[in-house]
Amino acid sequence: MRWQLPPLLWTGSLAFDIRRDQLDTEGVRQQRLVTATLGTATYLYAPWLAIVNGTVGLTRGTVQGDAPDDSSGGSRFVTGKLQLSLLPRSRFPSELRYEVSDSRIDSSLGGGVDYRSRNVSVLQRYRPVNGEFSVSASYERRSQDSADFGQDTQDSFLADFASHWKRHQLTASLTRSANRRGSTGEESDFTSLVARHSAAWAPALSLESSVNWARSDDQLRFDGSGLTGRRSTTLAQASSLAVWRGDTVPLTVTGSLRAFTFDGGGENNGTTLAAGLGATYEFSRQARVNASLTATSIDGNTSITSVGQVSGTYQGDQRQWGTAQWSWFSSAAVGAARTDARTDASVSTQLGHNLSNVWLIGGSSWGVSLAQTGSVAVANQTASPEQLLPPDRLSRALTQTLAFTWTKPGEQGSAFSRLSFTDARQFDSEKSHFSFVNFQVSGTHELDRRRSWTGDLTWQRSVQSSTPLPTVTVPDVSRFTQNQRNASGELTWRHLRVFDVPRLNFTSRLRVALNTQRQSDEILALPDRETASWENRLDHQVGRLENSFSMRVSKVDGRRNVFLMWRLQRNFGG
């Protein structure tokens, strides 16, 4: 082997940053940072043997602020990353990566919390010459250090296996993760194993099987009280699904098996076994009949819950009346469930239709649609001593949806808007009522090749009310009502070549989010969740000299934060 000095690709930069954070509860905090970064990329002996690339950054900074911990003294820290790829073009490549970062030199972060992150990862893959299987394994360790929350670490291990032969495919994965918080001593370990097998002997017959096992161990600690708690949970599940589709008969038959076990410690244990059989027969493109039967056993008891159902659906032909379109559908179902001495039976039917129309006016598309679905069901239940209602109950429900849409395409952008109303009522039993209003508008618009708008806004409101069924212990019940509102949106303005200066770009982004919830049985009013952020960024580049200024004003749950940052950076190499 003839070793020689390989060619080196050098890059570097010298940056000066000024950051200013202003929090309502913590006052003003200002940092000045000078960062010198050097990066290189090369190979060892030959590119097919090993490729090396990495960067190292040296930063010196000062901090001034209103907090007692802030001082004008200087600080020095090192950041960077190193990546080594061994045999990258082979069937067994491996990769080693080490990275150190600091939030103080990240222009996308701002919030008054400084932390340092370290990341170490190892990855190994293997694939034989014939390609019948592949296997990979990786390990990663992350840690975050901060004077505010201490040290947090996350260790994760992942192994994957995949193979295929003839009509079979097999995949398996093993995951292990451990999280630890140094300030409180809390720990959380999670291990998971998943395996899947699929086989298709013919287009008419296929089989899908899966097995998964998971275990979690949590160690909780509470400061001051000395209380500690440990909780372990283990679950395992195995399932199979077989599907047969007839070649000459429009019949589809499915069969399923499922086993599930749960161990939560103490009395929180359980085992469930279930088996199901279903069939679908298509008489035509419009009509089909479905039948299913499911049996479930819990904790190995002799009692078995069996559920059977037969249903049919019919989709009517679509009618055209000018520019309007109308379609309808109907369905009916008969079901029964039995557990020991308890028997439940029900008969239900549905009838619905949809009417829609679209108009083209002045280059825009206007549309309206109306959908209605009515259902009637009769349920017969075995009488319970705690019930005050008769065993035979009638349930009638009506759901209506009205929607308006507007779309305008164009060479300089596009716009979309939709307003929809949904109302669902149950006239018997709990007499529930649900109403939902949704409004959405989005679009893009280019004033010219340098200036453009992009926006999206969504507003929702829902009102839900119901009357719980009375029992012997609670004969008189009050009506429950819940009112919820959500709003979220983002508006972005981009301007290239501001003031006709080459490579001077401006971006402004506004984000808002609001969540309000009220309900009739609340003891204390739930707090409103609101988030607002307005970020403005101005970037200028002349050759290898970059100049950027950013300002972010945010408000989260009443707390206001103002973040300012100016960066001047000179790049070297290439």
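Look up a bit, the structure's there.
Here is a short report on the structure shown in this document. This is a predicted model, so every value here is computed, not measured. (Residues numbered from 1 in each chain as written. Predicted model: local features only at pLDDT ≥ 70, side-chain atom pairs only at ≥ 80, totals over all residues. Heavy atoms only, no water.)

Comments concerning the overall build of the chain
Okay, so step 1: For the chain, the count of helices and strands is zero helices and 29 strands.
Okay, so step 2: For the chain, the proportion of its 574 residues judged to be buried stands at 22%.
Okay, so step 3: Considering only intrachain contacts with a sequence separation of at least 6, the fraction spanning at least 24 residues in the chain is 48%.
Okay, so step 4: Entry remark: accessible area of the chain is about 35,700 Å², with carbon and sulfur atoms responsible for 58%. (Helix = DSSP H or I, 4+ residues; strand = E, 2+ residues; numbered from the N terminus. Buried < 20%, exposed > 50% of the residue type's maximum accessible area, 1.4 Å probe, protein only. Contact = heavy atoms within 4.5 Å. Areas by Shrake-Rupley, 256 points an atom, 1.4 Å probe, with all protein chains shown as cover.)

Observations regarding the pattern of salt bridges
Okay, so step 1: Going through the model one piece at a time under the given rule, you end up with 22 salt bridges.
Okay, so step 2: For Asp17, the salt bridge goes to Arg567, with nearest N and O atoms at 2.8 Å. Placement of the pair is Asp17 in strand E1 (residues 9-23) and Arg567 in strand E29 (residues 559-573), with a sequence separation of 550 residues.
Okay, so step 3: Residue Arg288 pairs with Glu282 through a salt bridge whose shortest N-O separation is 3.0 Å.
Okay, so step 4: With relative accessibility at 36%, the residue Arg288 sits in the partly exposed group.
Okay, so step 5: The class of Glu282 is partly exposed, set by a relative accessible area of 36%.
Okay, so step 6: Each of Arg141, Asp155 and Arg180 takes part in a single network of salt bridges with overlapping partners. (Salt bridge = Lys/Arg side-chain N within 4 Å of Asp/Glu carboxyl O.)

Some thoughts on the packing of aromatic side chains
Okay, so step 1: This model, assessed by the stated rule, comprises 10 aromatic pairs.
Okay, so step 2: For the ring pair Phe16 and Trp566, a centre distance of 5.8 Å and an interplane angle of 75° mean the geometry is edge-to-face. Linking Phe16 in strand E1 with Trp566 in strand E29, this pair joins segments that are 550 residues apart in sequence.
Okay, so step 3: Relative accessible area serves as the criterion here: at 29%, Trp566 is assigned to the partly exposed category.
Okay, so step 4: Taking the centre distance of 4.6 Å and the plane angle of 50° together, the rings of Trp453 and Trp493 count as tilted. Taken together, the residues Trp453 in strand E24 (residues 451-466) and Trp493 in strand E25 (residues 480-495) connect sequence positions 40 residues apart.
Okay, so step 5: Grouping aromatic residues by their ring pairs yields a cluster made of Tyr126, Phe133 and Phe161. (Phe/Tyr/Trp six-rings, centres within 6.5 Å; stacked < 30°, edge-to-face > 60°.)

Examining the pairing of strand E19 (residues 342-361)
Okay, so step 1: By the bridge criterion, 16 bridges tie strand E18 (residues 324-339) to E19 in an arrangement that is antiparallel. Bridge assignment links Ala336 to a residue of E19, and that residue is Ala345.
Okay, so step 2: As judged from the 18 bridges shared by E19 and strand E20 (residues 364-381), these two strands associate in the antiparallel manner. Note that in E20 the partner of Val347 across the bridge is Val378.
Okay, so step 3: Between E19 and E20, which follow one another and run antiparallel, lie two residues, and Gly362 among them has a positive phi close to 55°. (Pairing = 2+ DSSP bridges.)

A look at a nonpolar patch on the surface
Okay, so step 1: Residues Leu82, Leu96, Tyr98, Val120, Val122, Tyr139, Phe157, Leu174, Leu193 and Trp213 make up a contiguous nonpolar surface patch of roughly 810 Å² in combined accessible area.
Okay, so step 2: Its location among the elements puts Trp213 in strand E11 (residues 205-221). (Patch = residues over 30% accessible without salt bridge, like charges linked within 9 Å, V, L, I, M, F, W, Y side chains within 5 Å.)

Considering unusual backbone geometry
Most peptide bonds are trans, and most residues other than glycine sit at a negative phi.
Okay, so step 1: In the Ramachandran plot, Leu87 falls in the positive-phi region, its phi being about 50° despite a non-glycine side chain.
Okay, so step 2: Residue placement: Leu87 occurs in the loop between strand E4 (74-86) and strand E5 (94-102).

Notes on the environment of Asp557
Okay, so step 1: Its location among the elements puts Asp557 in the loop between strand E28 (545-556) and E29.
Okay, so step 2: Exposure remark for Asp557: the relative accessible area of 34% places this residue in the partly exposed category.
Okay, so step 3: Asp557 sits 30 residues away from Pro527 along the chain, and the two C-alpha atoms are 8.7 Å apart.
Okay, so step 4: Filtering out sequence-adjacent residues up to four positions away, Asp557 remains in contact with Asp528, Arg529 and Glu530.

Considering the side chain of Ser508
Okay, so step 1: Note on placement: Ser508 falls in strand E26 (residues 504-519).
Okay, so step 2: At a separation of 2.8 Å, a polar atom in the side chain of Ser508 contacts the side chain of Asn536.
Okay, so step 3: The residues contacting Ser508, other than those within four sequence positions of it, are Leu491, Thr492, Trp493, Trp534, Glu535 and Asn536. (Polar contact = N/O pair within 3.5 Å; in protein donor to acceptor, adjacent residues only side chain to side chain.)

So, the pairing of strand E9 (residues 168-181)
Okay, so step 1: Pairing analysis gives 14 bridges linking strand E8 (residues 150-165) to E9, with the strands arranged antiparallel. Across the sheet, Ala162 pairs through a bridge with Thr171, a residue of E9.
Okay, so step 2: Hairpin remark: E8 followed by E9, antiparallel, with two residues in the connecting loop; positive phi at Lys166, about 45°.
Okay, so step 3: Direction of pairing for E9 relative to strand E10 (residues 187-202): antiparallel, over a ladder of 13 bridges. Note on E10: the bridge partner recorded for Leu170 is His197.

Some thoughts on the environment of Leu564
Okay, so step 1: With respect to the helices, strands and loops of the structure, Leu564 is situated in strand E29.
Okay, so step 2: Separated by 544 residues in the primary sequence, Leu564 and Arg20 place their C-alpha atoms 5.0 Å from one another.
Okay, so step 3: For Leu564, the residues in contact, after removing those within four places along its chain, are Ile18, Arg19, Arg20, Phe549, Ser550 and Met551.

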